[in-house]
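# Structural description and commentary
Each chain, letter by letter, is given below.
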Amino acid sequence: TTDIYYDDDADVSTLDDDTVAVLGYGSQGHAHALNLHESDIDVVVGLRENSSSRSAAEADGLTVTTPADAVSQASYVSVLVPDTVQPAVYENAIEPNLEAGDTLQFAHGLNIHYNQIQPPEGVDVTMVAPKSPGHLVRRNYENDEGTPGLLAIYQDESGDAQERALAYAKGIGCTRAGVIETTFREEVESDLFGEQAVLCGGVTSLVKHGYETLVDAGYSPEIAYFECLNELKLIVDLMYEGGHAEMWDSVSDTAEYGGLSRGDRIVDENVRENMEETLEEIQNGEFTREWILENQSGRPSYTQLRQAEKNHEIEEVGERLRELFAWAEESNESESAEGAE
Ligand code: NDP
Ligand code: MG
Ligand code: MG
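Reading the values: rules and limits
Residues numbered from 1 in each chain as written. Chains lettered and ligands numbered in written order. Predicted model: local features only at pLDDT ≥ 70, side-chain atom pairs only at ≥ 80, totals over all residues. UniProt positions renumbered as here; feature names shortened; annotations may be inferred. Buried ≥ 20, exposed ≤ 12 C-beta atoms within 10 Å, placed from the backbone. Helix = DSSP H or I, 4+ residues; strand = E, 2+ residues; numbered from the N terminus. Contact = placed C-beta atoms within 7 Å. Axes fitted to C-alpha atoms, helices over the stretch in contact; angles between N-to-C directions. Parallel < 35°, antiparallel > 145°, perpendicular 65-115°, else oblique. Left-handed = near helix turned anticlockwise from the far one by under 90°. Nonpolar A, V, L, I, M, F, W, Y, C, P; charged D, E, K, R; others polar. Arc of directions from axis to C-beta. Pairing = 2+ DSSP bridges.

Going by an unreviewed UniProt entry, the chain carries the name Ketol-acid reductoisomerase (NADP(+)) and comes from Natrialba taiwanensis DSM 12281. Check the Sequence similarities (unreviewed entry) section of the UniProt entry for the chain; it says "Belongs to the ketol-acid reductoisomerase family."

Written out as structure tokens, the structure is:
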């Protein structure tokens, strides 16, 4: 069975003699840096000269310097800039300043697993990946709660890689909730598959097909929006709380029978084969090669796909409905509070 680590399995004082360089102060970076700092671990934030994040990090009371300088000060380097810029940041700022005995750490294994970053011998290479957006990693920590995370060791030259990564995981609050041991390969491939096949790609495609089927058959766009998109949240909340069982228990017998008897007809063996093909492209590196080329050529397909998604009728219908209905009032208010009008 899978190993899961909790607070008792980790000791923050393992990093007493370390300085941790947190590169990037975005979603994950700000949360890691602040949580580590409040866990009494020495932190220096590495940001490029003209960084838009600099003032935030300084206002939060942290020491900020350039990525190169942060790495040379540190013995533990946490790479929390976007995955697409990591290879360049590695080449320019990290590699020249890494020393034997240092730890190089990621929150996602993409660049290591697909060899976009090839760390030298003599350094530990680890992953501590909170399974949550950064603002929740921070909020949970402030509320004395934890954020579940993953831990993986790619290279253990010191013999202490695991102990050190666990100390870091405790420092950001992950061991309060539980940290699951995995490998870089498993983390990367399952993460890409999940977001492509089920979470981001699969679910939006399912919603669009459902919406279009109803609207093309003459049903009103508003009704189609509610049935195929809005209610999805209620269903997913039940699944999150108690698995499929709780969801099936909560819906009517008619919905349960209809769903159980028709679900596999909608998402059928063809979909399963498409999923296997998608997984294969992840495993053989085809997807990642495509994504790297896409970035190198200025993101032409990405831009087009994004635009087409924005132009889908369901977006306009949703925007109109979310403004008309009281359930969205709170998020409307917080939005207009943020946009300084
Ligand atoms: P963000 O997009 O939030 O990172 C933005 C930060 O990176 C900013 O401080 C930005 O500063 C800095 N940055 C951007 N480009 C550069 C550059 N060329 N050189 C130096 N600094 C730069 O990243 P995330 O927090 O989303 O992701 C960080 C890592 O965490 C990734 O590996 C990601 O896969 C992983 N992860 C992310 C999760 C999430 O929910 N977001 C969840 C779990 C893991 P500037 O103002 O200079 O642009
Ligand atoms: Mg992902
Ligand atoms: Mg219904």
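On we go from here.
## Concerning the UniProt feature "binding site: Mg(2+) 1" (unreviewed entry) in the chain
Taking the numbering used here, the UniProt-annotated feature "binding site: Mg(2+) 1" (unreviewed entry) corresponds to D191 and E195. Accessibility expressed as a C-beta count within 10 Å gives 18 for D191, which makes it partly exposed. Examined against the element boundaries, E195 turns out to sit in helix α9 (residues 184-199). Residue class for E195 comes out exposed when judged on the 12 C-beta atoms lying within 10 Å of it. Discounting residues that sit within four places of it in the chain, E195 has contacts with C200 and G201.

## Examining the packing of helix α1 (residues 27-38) against helix α6 (residues 134-142)
For the pair α1 and α6, interaxial distance at closest approach is 7 Å and the crossing angle is 20°. Taken together, α1 and α6 sit at an angle that is classed as roughly parallel. As for the relative orientation of α1 and α6, their crossing is left-handed in sense. Across the interface between the two elements, S27, Q28, H30, A31, L34 and N35 from α1 touch G134, H135, V137, R138 and Y141 from α6. Its residues placed into classes, the contact of α1 with α6 shows 4 nonpolar, 6 polar and 1 charged.

## Remarks on α6
Taken together, the buried positions of α6 are occupied by G134, V137, R138, N140 and Y141. Buried residues of α6, viewed axially, fall in a sector of 165°; they line one side. Looking at α6, the residues exposed on the side facing more than 90 degrees away from the buried face are H135 and E142. Two residues or fewer after α6 comes D144, characterised by a positive phi angle close to 60°.

## Overview of the sheet that holds strand β1 (residues 4-5)
With mixed pairing, 9 strands are arranged side by side in an open sheet as β1-β9-β8-β7-β6-β5-β2-β3-β4. Both edges of this open sheet fall to β1 and β4 (63-65), since each of them pairs with a single strand only. Two strands pair when backbone bridges link them, and strand β2 (residues 19-23) and strand β3 (residues 42-46) are joined in this way by 5 bridges, in the parallel orientation. Within β3, the residue paired with L23 across the bridge is G46.

## Overview of the packing of helix α10 (residues 201-216) against helix α11 (residues 221-250)
Any two packed helices are characterised by how steeply their axes cross, that is the angle between the axes, and by the distance between the axes. Running from N to C, α10 and α11 point in directions that differ by 160°, and their axes come no closer than 9 Å. In terms of orientation, α10 lies roughly antiparallel with respect to α11. In the packing of α10 onto α11, the handedness of the crossing is right-handed. The residues of α11 that touch α10, namely those facing V207, G210, Y211, L214 and V215, are P221, A224, Y225, E227, C228, L229 and L232. Of the residues belonging to the contact of α10 with α11, the class tally is 10 nonpolar, 1 polar and 1 charged.

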